[in-house]
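# Breakdown of the fold
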Amino acid sequence: MKIGFIGLGNMGAPMAANLAKAGHQVVGFDMANVAIDGVTMTASGAEAAAGAEVVITMLPNGEILRAVADQVIPAMDAGAALVDCSTVDVDSARAVADQAVGAGLLFVDAPVSGGTGGAAGGTLTFMAGGTDEAFAKAAPLFDIMGQKAVHCGAAGAGQSAKICNNMILGVTMLATCEAFALADKLGLDRQKMFDVVSTSSGYSWTMNTYCPAPGVGPKSPADNEYKPGFAAELMLKDLRLSQQAAVSANADTPMGELAQALYAQFVEEEDGQGMDFSAMLPRFEKRSRA
Ligand code: NAD
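Here the structure is a predicted model, which is why all the values come from computation and not from measurement.

### Thoughts on the pairing of strand 2 (residues 25-29)
Burial runs high along strand 2: 4 of the 5 residues are buried. Pairing analysis gives 5 bridges linking strand 1 (residues 2-6) to strand 2, with the strands arranged parallel. Within the sheet, the bridge partner assigned to Gly4 lies in strand 2 and is Val27. For the crossover from strand 1 across helix 1 (residues 12-21) to strand 2, the handedness is right-handed. In terms of strand pairing, strand 2 meets strand 3 (residues 39-41) through 3 bridges, oriented parallel. Looking across to strand 3, one finds that Val27 is bridged to Thr40.

### Section: the site of the ligand
In the region of the ligand, 23 residues are neighbours, and Asn10, Met11, Asp30, Leu59 and Lys237 sit closest. A distance of 2.6 Å separates an oxygen atom of the ligand from a polar side-chain atom of Asp30. The separation between an oxygen atom of the ligand and a polar side-chain atom of Lys237 is 2.8 Å. Across the complex, the protein chains shield 81% of the 830 Å² of accessible surface that the ligand would expose by itself. Elements with a minimum of two residues in the shell around the ligand: helix 3 (62-72), helix 5 (115-121) and helix 10 (232-249). Residues that form the shell around the ligand fall into these classes: 13 nonpolar, 7 polar and 3 charged.

### Remarks on the packing of aromatic side chains
Aromatic rings in a pair are described by how distant their centres are and how their planes are angled relative to each other. A complete count under the given rule lists 5 aromatic pairs for this structure. When the centroid spacing of 4.5 Å and the interplanar angle of 25 degrees are considered together, the rings of Phe126 and Phe142 count as stacked. You can see Phe126 sitting in strand 8 (residues 124-129) and its partner Phe142 sitting in helix 6 (residues 132-145), a full 16 residues away along the chain. The exposure class of Phe142 is buried, given its relative accessible area of 2%.

### Some words on the environment of Asp109
Along the chain, Asp109 turns up in strand 6 (residues 106-109). Residues Asp109 and Ser86, spaced 23 residues apart in sequence, show a C-alpha to C-alpha distance of 8.1 Å. Here the side chain of Asp109 touches Gly158 through a polar contact of 3.0 Å, landing on its backbone nitrogen.

### Focus on the pattern of salt bridges
Taken as a whole, this structure holds 8 salt bridges when the rule is applied. Between Lys286 and Asp271 there is a salt bridge; the shortest N-O distance is 3.8 Å. Of this pair, Lys286 sits in helix 12 (residues 280-286) while Asp271 sits in the loop between helix 11 (254-268) and helix 12; the two residues are 15 residues apart in sequence, bridging distant segments of the chain. Exposure remark for Asp271: the relative accessible area of 48% places this residue in the partly exposed category. Residues joined in a network through salt bridges with shared partners are Asp184, Arg190 and Glu285.

### Remarks on helix 4 (residues 90-102)
Compared with the 18 Å implied by 1.5 Å per residue over 13 residues, the 18 Å span of helix 4 between its first and last C-alpha is a close match. Restricting attention to buried positions, one finds in helix 4 the residues Val90, Ser92, Ala93, Val96, Ala97 and Ala100. One side of helix 4 carries all its buried residues, which in axial view fall inside an arc of 160 degrees. The outward face of helix 4, more than 90 degrees from its buried face, is lined by the exposed residues Asp98 and Gly102. Gly104 occupies a position one or two residues after helix 4 and carries a positive phi of about 80 degrees.

Rules used in this analysis
- Residues numbered from 1 in each chain as written.
- Predicted model: local features only at pLDDT ≥ 70, side-chain atom pairs only at ≥ 80, totals over all residues.
- Heavy atoms only, no water.
- Buried < 20%, exposed > 50% of the residue type's maximum accessible area, 1.4 Å probe, protein only.
- Helix = DSSP H or I, 4+ residues; strand = E, 2+ residues; numbered from the N terminus.
- Pairing = 2+ DSSP bridges.
- Right-handed = clockwise from strand over helix to strand, strands pointing away.
- Near = heavy atom within 4 Å.
- Polar contact = N/O pair within 3.5 Å; in protein donor to acceptor, adjacent residues only side chain to side chain.
- Areas by Shrake-Rupley, 256 points an atom, 1.4 Å probe, with all protein chains shown as cover.
- Nonpolar A, V, L, I, M, F, W, Y, C, P; charged D, E, K, R; others polar.
- Phe/Tyr/Trp six-rings, centres within 6.5 Å; stacked < 30°, edge-to-face > 60°.
- Salt bridge = Lys/Arg side-chain N within 4 Å of Asp/Glu carboxyl O.
- Expected span 1.5 Å × (residues − 1).
- Arc of directions from axis to C-beta.

Here it is, written out as structure tokens:
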């Protein structure tokens, strides 16, 4: 299959490399000067998109996605599919979907979870939104780049699933970290806290799999001086997208709102930039109630 790939950064580059390795003809474009094994680079997004059966985008945000879509959609052949794997706001995903469908194209929003390790290893999870026909066209490529793809519903449903999941993740991480900090102050040993909670009703992915306390539970960024992992600023980006969606859908999300405010404070006013999102534990540890 001829595939256009636009946005070859930390995630896009290994995803494109895996498609090329699987035998597809991959033509790429990025604003930055990048070279990827097996990928032919072009001078513009339109050039990468021309004649491609599928065009994949992996870009920083919705504004950039809309700008790239303006260049790429007119260059694509009717019946081809535009598959956006970036994490963007639901409104941008739906707007680009409408534009693509209006031009006779298929569209799938397919944000991922699994991070750069999942992108390199071809083990990402895709959360997809679009028609059955559009999903079917993209599915063989999801199989190469990932281990699981869930068709969540119509266009925008993939982004909706992603930001709801990550809102739970942010809120749960904060709850886990503040509970550890409270347990410390109550004189409770962290290992005992883990042993109880990880097998009781307070268990969660953030406690059991990604424990924010160093030396406790399976290996996690806490055991590597809180180097990401999943950076606090990326969590903040996703929490902002969930709040933007909550405002536009008129949903009451007070926990998500507070999680956004805490991560914003951590990243923008404290020392959270560049730290893993689980570094909220040492943050709470240093603080007292007032
Ligand atoms: P990145 O900044 O490393 O890559 C983005 C790439 O897009 C860059 O190479 C940049 O030069 C390019 N770009 C920007 N504007 C462009 C334009 N107009 N035309 C062409 N190329 C352009 O970011 P990333 O970590 O690869 O993340 C990409 C997306 O994936 C984001 O939406 C992010 O939220 C999401 N995501 C990232 C992770 C992660 O762990 N990094 C995990 C899940 C989802």
